[in-house]
Every structure is written in C-alpha cells, then in structure tokens.
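Here's the letter readout for the chains.
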Amino acid sequence: EILGDFACYRCTSERAIIPLARFATWQASPEFTIPLFCRFPTRERLPVRAVSSQRLSACLPAILWAAMAWIVIVVAQAKTAEAVAPIKTMSFNVRFDDGTPSSAANAWVATSGVSRRDMALDVISNYGPDLLGVQEALHNQVNDLKNGLPQLGFYGVGRDNGGTLGEYSGIFYRSDRFTRTNQGTFWLSNTPDSPSFFPGTCCRRIASWAILQDAQADNEEYFVLNTHWDHQVQAAREWSSQLIRDRIGSLSGGRPLIVMGDLNSFETNSAYLNLIGNNDPGGLQLRDSYREVVPVKGSQEATLNGFVGTTAGSRIDYVFHDDAFRADAASIVRTNYSGRYPSDHYPITALLQPTAGLPQPTLNGRLTGDEAAYGLAKSVQNTRTRYGDATLGDPIHGGGGSEIDRIFATVSGGRLHVFVAGNLEKNFNKMEVFVDSIAGGSNRIVGADLPTGTDGFCCGGLNSTSGALQRMNGLTFDAGFEADYYLTFSNGFETVNPGTPQSTTFWAASAHYADITDADGDGKEVVRAGMQLAYNGLPQVLRSPGDYNDDGRVNAADYTVWRDTAGTATTR
C-alpha cells in the first residue's frame with residue numbers, strides 16, 4: 001500500500017521536476033515504477049550544490065511528491081543501473097595566430113617568455129576534457145594542439161576551403177573513450193554545403209559536427225557540434241541559429257546532443273534564444289550548462305577577456321545540451337600566467353552527466369531500507385502530534401492524521417536527494433516546503449510581493465487573487481534563511497457533477513510550486529504552477545479543467561500540453 005520516494009532520479013533538467021503516475025494498476029502489483037515526466041513549467045530547476053545536516057531545509061533540489069492520501073512515504077528499493085561516467089566538456093576560442101615566432105606580448109609562439117601555445121596546452125591539460133571544442137584555431141594551431149594532446153582524436157576543417165585554410169571550429173575527443181562514426185561541416189550561409197559567406201559579413205563561418213560512440217555507455221552515440229558565429233551582423237547570427245537547429249534535426253538522428261561554441265551573442269540575444277528553443281516550445285530544447293549550474297545571472301560572467309583579464313560583463317561562449325544530459329558542474333576558467341592569458345577568451349567547462357544510466361526507483365511497499373539507501377535520518381520527530389500515527393493500510397480510503405516522522409538526505413551523482421517520511425491526511429491538509437538554495441530570497445513572507453493564486457483552491461478558488469502564500473503573510477524564518485522556492489502538497493476527495501446522477505467522487509493529490517526569489521529587483525516574482533493527479537487514470541476533477549487537448553478525456557496527453565503551454569490561453 002505504500003507509495004513514495006519523490007527525489008527524481010532519471011529526469012533532470014534546468015526546470016523543476018515532478019513525477020507523474022497513473023495509479024490504475026497499483027493495487028494489482030506489489031511493485032511498480034513511477035514514470036517520471038520532466039519540464040515542470042518553472043523558470044529553473046532547483047539548483048542545490050551542497051547539503052547541510054544542520055539546515056536541511058536550505059537544500060531541497062527536487063520536488064518531493066508527498067501528497068498521497070494517508071501514505072507513509074518510503075525510500076524506494078531502487079534497482080540501480082551503473083551510471084555512465086560524466087563527460088568533461090570544454091569550449092575554447094584560442095585566438096587565431098599563424099604561429100610565426102614573435103616577440104609580441106600575446107604571440108602563439110613567443111621568442112622569449114612563455115608562448116600562448118604552451119599556456120593553452122597547460123590549461124586544457126589541467127582540466128583533462130573528454131570533449132574539447134576549439135574556435136579560431138588555424139591549421140598550425142590545430143597541429144600544435146594535436147601534438148600536445150596525443151590522447152585526443154580530432155575532426156575539423158578550415159572554413160575558407162573545407163580543407164586546411166582558415167579558422168577551424170574543431171572537435172577534439174578522448175580517443176580511448178570515443179570512436180568517431182560520422183562527421184561533417186556546413187557553412188552558416190545561404191549555401192551551407194560549400195565554402196561561402198552570409199551576405200554582408202566579412203568572414204566565412206562554419207559549424208562542424210561529429211557522431212561519437214561512447215565506450216563507457218554501452219556504445220551510446222552522441223551528436224556533438226561546435227560553431228563560431230559572426231561578430232558583426234545580427235542577421236547572420238539569426239540565420240546561424242535557425243540553420244543549426246534545422247541541421248541538428250536532419251543530422252543527429254535523435255541522438256543525445258552537445259552543442260558548443262563562441263556565439264558572439266549574450267544570452268538575451270534573439271539568436272541565442274532561438275537556438276535554445278525559446279521560439280519553438282514544442283521542439284528541440286537546448287540547455288545552457290552554465291546557467292543550469294549558476295541560475296542567477298551575475299555581473300562578472302564575461303568570457304571575452306581581451307588579454308587583460310576582464311571579468312565584468314556577460315558570456316558569449318557556451319556549452320549546451322539536451323535532456324539526455326544534466327550539467328553537474330560548469331565554470332569559466334580564468335587561469336593566468338603572471339598576468340598573461342592563453343587567449344583573449346576564457347575557456348569554459350561543463351561536466352555533463354548522461355542520464356540514461358541513472359537509477360529508476362521501483363516501489364516495493366516496504367518500510368525497510370531507508371537507512372541503507374539514505375543513511376541515518378537527519379531529523380526525527382520525538383513529540384507526538386495527536387494528528388499522525390495512522391493505522392489503516394489503505395492509502396486511498398484509509399484514515400489517519402498528518403505529521404512528518406523523519407527526514408533523510410543523501411548526495412548521489414552530484415545531486416542532493418531529500419526524502420520525507422510521514423502521513424498526510426486526506427482532508428486537504430497540506431505539507432509545505434520552503435527552499436533556500438541561491439542568494440537572495442524571502443526571509444519573511446510578504447503576501448503582496450509574492451505570486452498570487454498559488455494553490456488558489458485552498459484560499460478562494462481557481463484563479464483566485466489570493467493563495468497559499470498570502471494566507472501565510474507575516475511568516476518569518478530563522479535569520480539567514482531566505483526562501484527561494486515554495487512547494488505545497490495536499491490531498492483529498494473531489495466530486496465531479498455533484499448532486500446529479502453522474503456524480504462521481506475521486507481521491508486526488510495536488511502539488512503547487514512558486515518562485516519567490518526577486519531576481520530582477522522589482523520586489524516580486526510571478527512564476528507559479530500546479531497540477532493534480534487523481535486515482536484511476538487522471539479523471540476530470542473540479543479543481544483543474546484538465547482536458548487541455550480537447551479530446552474529451554483527461555490523461556497523460558493533457559499533462560504534455562499543459563507542460564509545454566503553461567501560462568498561455570491553452571492552459572487557461
């Protein structure tokens with residue numbers, strides 16, 4: 001009868017995560033797996049990098065689906081597959097140089113002092129990438145990198161003739177891990193299959209790609225693309241973004257994607273936004289690895305340093321990936337050598353974890369095993385509440401009160417997983433979770449500044465201008481705790497068509513989410529979302545019209561429409 005473990009293992013993204021289960025078969029089988037659906041429509045996934053046993057509430061990276069009627073949430077006895085090794089990825093504009101020995105301060109080959117070539121090789125070797133994309137490298141520089149990095153294979157061509165002339169956007173890869181099975185280059189122009197210019201530009205621009213077979217992932221193949229966009233003409237960047245999206249569709253064969261390069265565009269640029277899928281919510285979505293790890297934009301994120309160590313500004317160099325990966329780490333590498341820099345760009349890195357090998361929980365209806373998987377509880381209730389300690393074994397129709405019994409936490413695969421064990425009564429009692437995981441946030445709940453209508457059903461009805469947060473106006477946390485995210489869970493019985501012969505009652509569980517940070521300094525945030533699950537295949541219930549694809553049924557297909565169109569007229 002016991003359902004649980006809502007730290008999500010397989011689905012990871014820059015957005016928050018929620019499991020979606022169809023409960024029609026739960027009584028028939030003692031074990032079943034909850035399928036996980038990603039891309040809960042919030043601004044970012046919950047970005048947590050550390051765990052503190054003293055302040056567990058400060059570190060909650062995944063939505064805990066705790067709102068099942070009278071349940072004890074238990075850790076799943078997961079059937080764990082061995083996780084695939086992460087892919088250390090680096091993108092590096094090395095600044096073109098023909099290699100003529102020179103006394104110039106930033107010479108690739110210096111006649112005195114340390115050469116940029118040697119600095120570049122040192123910074124690359126120190127990171128030890130599995131994948132390395134280089135931009136602006138001329139043929140002599142490619143050869144220097146090959147000679148200095150013999151463990152890496154290479155694919156790339158010069159942009160001026162498709163051979164050895166002009167700058168490369170080349171791909172290095174660890175040859176003891178990856179086998180290249182296909183490759184190619186196209187030009188970012190109106191005639192992409194031959195060396196050519198986009199109208200009005202001074203330089204030919206290219207994107208080079210390779211299909212790499214990973215020996216550490218049962219020979220899974222990845223599609224890797226490296227590019228360098230125009231630095232002057234916005235129309236060329238716009239064209240490049242759409243051409244790359246189109247070519248990925250025709251060349252990748254549905255393989256997991258890694259895209260990197262120097263885009264000469266900030267993340268607010270329309271070409272960047274188009275590349276990642278902002279204009280195509282139902283199509284390919286690419287995730288910015290750095291922004292996935294560092295969700296709040298800072299003032300010191302420049303990747304173009306001009307050889308003088310500039311840090312103030314925004315990024316123009318990126319590593320992207322699709323939902324076959326998650327970014328567990330990302331950085332801007334600002335190594336210098338007595339004030340000298342390997343290039344006028346900083347290399348950037350991303351640690352990409354393939355998600356296919358991560359464990360998927362299997363629920364077995366037993367309370368045992370929590371400590372084995374999670375370690376000792378970080379918090380144990382020692383005061384009886386008179387509301388918990390339910391005794392009936394039916395999570396749908398059973399009785400019992402509401403209480404949290406124990407809280408567990410563990411770090412696995414670079415993620416913090418939090419597991420809450422307890423009871424939640426079926427009369428729309430609520431479990432409420434506040435998360436402090438980034439700088440800023442709310443130390444005190446000021447309802448007027450926070451998203452309205454979060455779980456409006458509890459506080460005035462659907463589309464109410466009030467909500468759960470407004471009901472808690474004035475709530476103050478401990479000093480130093482500034483909540484960034486709010487989660488609330490409840491469950492109970494709902495009736496469709498009350499007072500009619502068609503009246504039907506369903507048990508339903510609801511989850512709601514709100515972003516309560518103040519990222520733009522305007523004193524409030526408006527991101528909020530919610531969803532509801534009901535026993536026996538997501539039937540129509542009062543709180544959510546639910547039939548978002550207008551096929552007369554409410555089922556998992558409606559979740560997909562809701563997920564991709566949240567906040568629009570489609571989702572009302």
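What you see is a predicted model; the values in this text were computed from it and never measured.

Analysis parameters
- Residues numbered from 1 in each chain as written.
- Predicted model: local features only at pLDDT ≥ 70, side-chain atom pairs only at ≥ 80, totals over all residues.
- Heavy atoms only, no water.
- Core = buried A, V, L, I, M, F, W, Y, C linked by side-chain atoms within 4.5 Å.
- Buried < 20%, exposed > 50% of the residue type's maximum accessible area, 1.4 Å probe, protein only.
- Helix = DSSP H or I, 4+ residues; strand = E, 2+ residues; numbered from the N terminus.
- Contact = heavy atoms within 4.5 Å.
- Pairing = 2+ DSSP bridges.
- Axes fitted to C-alpha atoms, helices over the stretch in contact; angles between N-to-C directions.
- Arc of directions from axis to C-beta.
- Phe/Tyr/Trp six-rings, centres within 6.5 Å; stacked < 30°, edge-to-face > 60°.

1. Details of the nonpolar core
- Counting 25 residues, the largest nonpolar core has Leu131, Tyr222, Val224 and Ile258 as the members making the most contacts within it.
- Mapped onto this core, the elements with two or more residues apiece are β6 (168-174), β8 (206-214), β9 (220-228), β10 (257-262), α5 (289-293), β13 (325-332) and β14 (348-354).
- It is β13 that provides the largest number of residues to this core, a total of four residues.
- With sequence-adjacent residues up to four places away left out, Val224 is seen in contact with Leu131, Ile171, Ser208, Trp209, Ala210, Leu212, Ile258 and Met260.

2. A look at the sheet that holds β13
- Sheet architecture is open: six strands sit in the order β5-β6-β4-β3-β14-β13, paired in mixed fashion. Each edge of the sheet is formed by a strand with only one pairing partner; in this case those strands are β5 (152-155) and β13. Each strand of the sheet is rotated relative to its neighbour by a mean of 20°, with strand direction disregarded.
- As paired elements, β13 and β14 share seven bridges and run antiparallel to each other. Opposite Ala330, over in β14, you have Ala350 as the bridge partner.
- Here helix α1 (residues 116-127) sits on the sheet and contacts β3 (87-93), β4 (131-137) and β14; the angle it forms with β3, its principal contact strand, is near 160°.

3. Some remarks on the sheet that holds strand β12 (residues 317-321)
- Pairing in this open sheet of six strands is mixed, and the strands run β7-β8-β9-β10-β12-β11 from one edge to the other. With one partner strand each, in any of the chains shown, β7 (178-187) and β11 (287-288) form the two edges of the open sheet.
- In this structure, β10 lies alongside β12, joined through five bridges in antiparallel fashion. Each bridged residue has a counterpart across the sheet, and for Gly261 the counterpart in β12 is Tyr318.

4. Looking at the pairing of β12
- Of all five residues in β12, five are buried; the element is thus mostly enclosed.
- Neither face of β12 is exposed, since Asp317, Val319 and His321 on one face and Tyr318 and Phe320 on the opposite face are all buried.
- Where β11 lies against β12, two bridges are found, and the strand directions are antiparallel. What sits directly across from Asp288, in β12, is Phe320.

5. Structural notes on unusual backbone geometry
- Phi at Asp218 takes a positive value of approximately 55°, unusual for a residue other than glycine.
- For Asp218, the location among the structural elements is in the loop between β8 and β9.
- Even without glycine at this site, Asn264 takes up a positive phi of about 45°.
- Here Asn264 lies in the loop between β10 and α4 (270-276).

6. Things to note about helix α2 (residues 139-148)
- All of the buried residues along α2 are Gln141, Val142, Asp144 and Leu145. End-on, the buried residues of α2 take up no more than an arc of 160°, which puts them together on one face.
- Next to the buried residues of α2 lie α1, β4, β5 and β6.

7. A look at the packing of aromatic side chains
- In this structure the tally under the stated criterion is 14 aromatic pairs.
- Judged by centre distance (6.0 Å) and plane angle (75°), the rings of Tyr341 and Tyr346 are edge-to-face. You'll find Tyr341 and Tyr346 in the same group, each marked buried.
- Between Phe434 and Tyr486, the ring centres sit 4.9 Å apart and the planes meet at 35°, which makes this aromatic pair tilted. Here Phe434, found in strand β18 (residues 427-435), pairs with Tyr486, found in strand β19 (residues 485-496); they are 52 residues apart in sequence, far enough to count as distant.
- The class for Phe434 is buried, based on a relative accessible area of 10%.
- The buried category is assigned to Tyr486, whose relative accessible area is 0%.

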